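So the chains spell out like this:
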Amino acid sequence: MGQEAGSAQETAERRLDVANVLTYDSLVSASPPSTPPVITMGRCGVDLYPLQVGVGLEHVTSFGKFLGGSSTNIAVAAAQLGNEGVATITGVGDDPFGRWARMEMKRLGVDDRYVITSDAYLTPITFCEIFPPDNFPLYFYRRPSAPDLQITPDDMPAAAIRDARVFWFTGTGLCQEPSWSAHLTALDHRDRRDHTVFDLDWRPMFWTSTDEARHRYDWCLARSTVAVGNRAECEVAVGETDPDRAADALLERGVQIAIVKQGPLGTLAKTRDEHIVVPPTPTTPYNGLGAGDAFGGSLIDGLLHGLDLETTIRRASAAGAIVASRLECSTAMPSAEDIDRVLEAGHTDVLGGAHWTEGS
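The text that follows walks through the structure, step by step, so that each part is easy to find. None of these values were measured; they are calculated from a predicted model. (Residues numbered from 1 in each chain as written. Predicted model: local features only at pLDDT ≥ 70, side-chain atom pairs only at ≥ 80, totals over all residues. Heavy atoms only, no water.)

**Remarks on the side chain of T267**
Reasoning step 1: Looking at where T267 falls in the secondary structure, it is placed in strand β14 (residues 267–270).
Reasoning step 2: Excluding its chain neighbours within four sequence positions, the residues that come into contact with T267 are I259, V260, K261, Q262, I276, V277, V278, F295 and I313. (Helix = DSSP H or I, 4+ residues; strand = E, 2+ residues; numbered from the N terminus. Contact = heavy atoms within 4.5 Å.)

**Comments concerning helix α3 (residues 70–80)**
Reasoning step 1: Most of α3 is tucked away, with 11 of its 11 residues classed as buried.
Reasoning step 2: Among all positions in α3, only S70, S71, T72, N73, I74, A75, V76, A77, A78, A79 and Q80 are buried. (Buried < 20%, exposed > 50% of the residue type's maximum accessible area, 1.4 Å probe, protein only.)

**Things to note about the nonpolar core**
The nonpolar side chains of a soluble globular protein tend to be buried, and buried together.
Reasoning step 1: Grouped together as the largest cluster of nonpolar side chains are 49 residues, with contacts concentrated most on L67, V166, W168, V197, I259, I300 and I313.
Reasoning step 2: Residue contributions to this core peak at seven residues, all from helix α11 (residues 309–324).
Reasoning step 3: The contacts of V166, once residues within four sequence positions are left out, are P37, V38, I39, R190, H195, V197, I300, L303 and L304. (Core = buried A, V, L, I, M, F, W, Y, C linked by side-chain atoms within 4.5 Å.)

**Looking at the environment of K65**
Reasoning step 1: Secondary-structure assignment places K65 in strand β5 (residues 63–68).
Reasoning step 2: The class of K65 is partly exposed, set by a relative accessible area of 38%.
Reasoning step 3: Expressed as a C-alpha distance, the spacing of K65 and E328, which sit 263 residues apart in the sequence, is 8.8 Å.
Reasoning step 4: The residues touching K65, leaving out its near neighbours within four places in the chain, are V46, D47, L48, F97 and W100.

**Topic: the environment of G292**
Reasoning step 1: With respect to the helices and strands, the residue G292 is situated in helix α10 (residues 291–304).
Reasoning step 2: Between the alpha carbons of G292 and S70 there is a distance of 8.4 Å; along the sequence they are 222 residues apart.

**Things to note about helix α6 (residues 179–190)**
Reasoning step 1: Relative to the 16 Å expected for 12 residues at 1.5 Å per residue, α6 spans 16 Å between its end C-alpha atoms, a close match to the ideal helical length.
Reasoning step 2: Buried within α6 we find S179, W180, A182, H183, A186, L187 and R190. Down the axis of α6, the buried set is contained in an arc of 155°. They therefore lie on one face.
Reasoning step 3: On its buried face, α6 sits against β2 (38–41), α5 (158–163), β10 (166–170), β11 (196–199) and α7 (210–221).
Reasoning step 4: Once α6 ends, the next one or two residues include D191, with phi positive near 55°. (Expected span 1.5 Å × (residues − 1). Arc of directions from axis to C-beta.)

**Some words on the packing of aromatic side chains**
Reasoning step 1: Scanning all chains against the criterion turns up 10 aromatic pairs.
Reasoning step 2: Between the aromatic rings of F140 and F206, the centroid separation amounts to 5.0 Å while the plane-to-plane angle is 65°, which identifies the pairing as edge-to-face. In this pair, F140 sits in strand β9 (residues 138–141) while F206 sits in the loop between β11 and α7, placing the two residues 66 residues apart along the sequence.
Reasoning step 3: In this structure F140 comes out as buried when scored by relative accessible area, which is 16%.
Reasoning step 4: Relative to F169, the ring of F167 has its centre 6.1 Å away and its plane inclined at 25°; by these criteria the two rings are stacked.
Reasoning step 5: Three or more aromatic residues link up through ring pairs in this structure, and these residues are F167, F169, F198, W202, W207 and Y217.
Reasoning step 6: Lying over the aromatic face of W219, R223 brings its terminal NZ or CZ to 3.6 Å of the ring centre. (Phe/Tyr/Trp six-rings, centres within 6.5 Å; stacked < 30°, edge-to-face > 60°. Lys NZ or Arg CZ within 6 Å of the ring centre and 35° of its normal.)

**Some thoughts on the pairing of strand β6 (residues 87–93)**
Reasoning step 1: Of all seven residues in β6, seven are buried, a share of seventy percent or more.
Reasoning step 2: Covered by surrounding structure in β6 are A87, I89, G91 and G93 together with T88, T90 and V92, the residues of both alternating faces.
Reasoning step 3: Strand direction decides the pairing type here: β2 and β6, joined by three bridges, are parallel. Each residue of the ladder has a partner; that of I39, found in β6, is A87. (Pairing = 2+ DSSP bridges.)

**Overview of the sheet that holds β11**
Reasoning step 1: One open sheet holds the nine strands; their spatial order is β7-β6-β2-β10-β11-β12-β13-β14-β15, and the pairing between them is mixed. Of all strands in the sheet, those with a lone pairing partner are β7 (115–118) and β15 (275–278), marking the two edges. When the angles between neighbouring strand axes are averaged without regard to direction, this sheet yields 15°.
Reasoning step 2: In the sheet, strand β12 (residues 226–230) pairs with strand β13 (residues 257–261) via five bridges, with the strands oriented parallel. Within β13, the position partnered with V226 by the bridge is I257.
Reasoning step 3: Contacting β13, β14 and β15, α11 crosses the sheet at an angle of about 25° to β15. (Axes fitted to C-alpha atoms, helices over the stretch in contact; angles between N-to-C directions.)

So yeah, pure geometry; function would need other evidence.
Dropping the structure here:
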């Protein structure tokens, strides 16, 4: 049988109330900036993650409920690093989970002014299975569509998208209308300003055709300044899995910074003048599903603060490793102090927390 993850859940619940997470009351009473410095665009939903580890969902008896959706998690990650006024463009259903998701994102520091409410589709939920150290199957409940794919061109805040210091969008949002048309409109408003970040975010179950995805990815790359993805995502985007060739192909499409995540081989980042490879940050893995979102939030932080490329990637790698050592995603996002401690110690174990061990 699997390991009971009660200690991990208790740790996750404590993170809901730590000092670096603002309260809901304080957030709703605060006045957000007129132009958010960061806007993400993409998925939003509820993650229901098992509290038993090492078993399939048919044997799980209890779950933890967490805010989910890649671009929403990335917004949370950026906010938890001390960046105020982070906003997201997404959608939720007119249902209890949708109302909770909006409350939770505000409690975690994310402005919900651009979140639409759909009366046609329910807020999606996502289940996973946890088989450490490296197997975490995902099950998305968002058929035939989801509220975050119902955003339209009319929902796009033109001035805010144009003036944000970072605009982050994901590949998943390109898979279906009217969200695809909304992205076309958003990127027209953006006009390829720095920093326009394309998170390649390939989820094959959301697409009917890889060729269609490649065509849409290609159109978006020409309107982006930063591209980030793993080797499989780069294969969809540019037809390359070799990290160096993939980065070169991304740069040829017009981006200024190409970032290729290589898992246990670390992260390659390349510009026309710079080439770096950052090794992975040592960690004791628990659930790796939120690592990429933490990486993204820290990448945004580095772009906002003008950090050099190597420092930015090292901090993003550490952020991802921290979340990989925890049960959940959104409420597991690290503070800047957490990242500093891990970089100094060289391992995420310095932060403590529950860990899975083989054979337990």
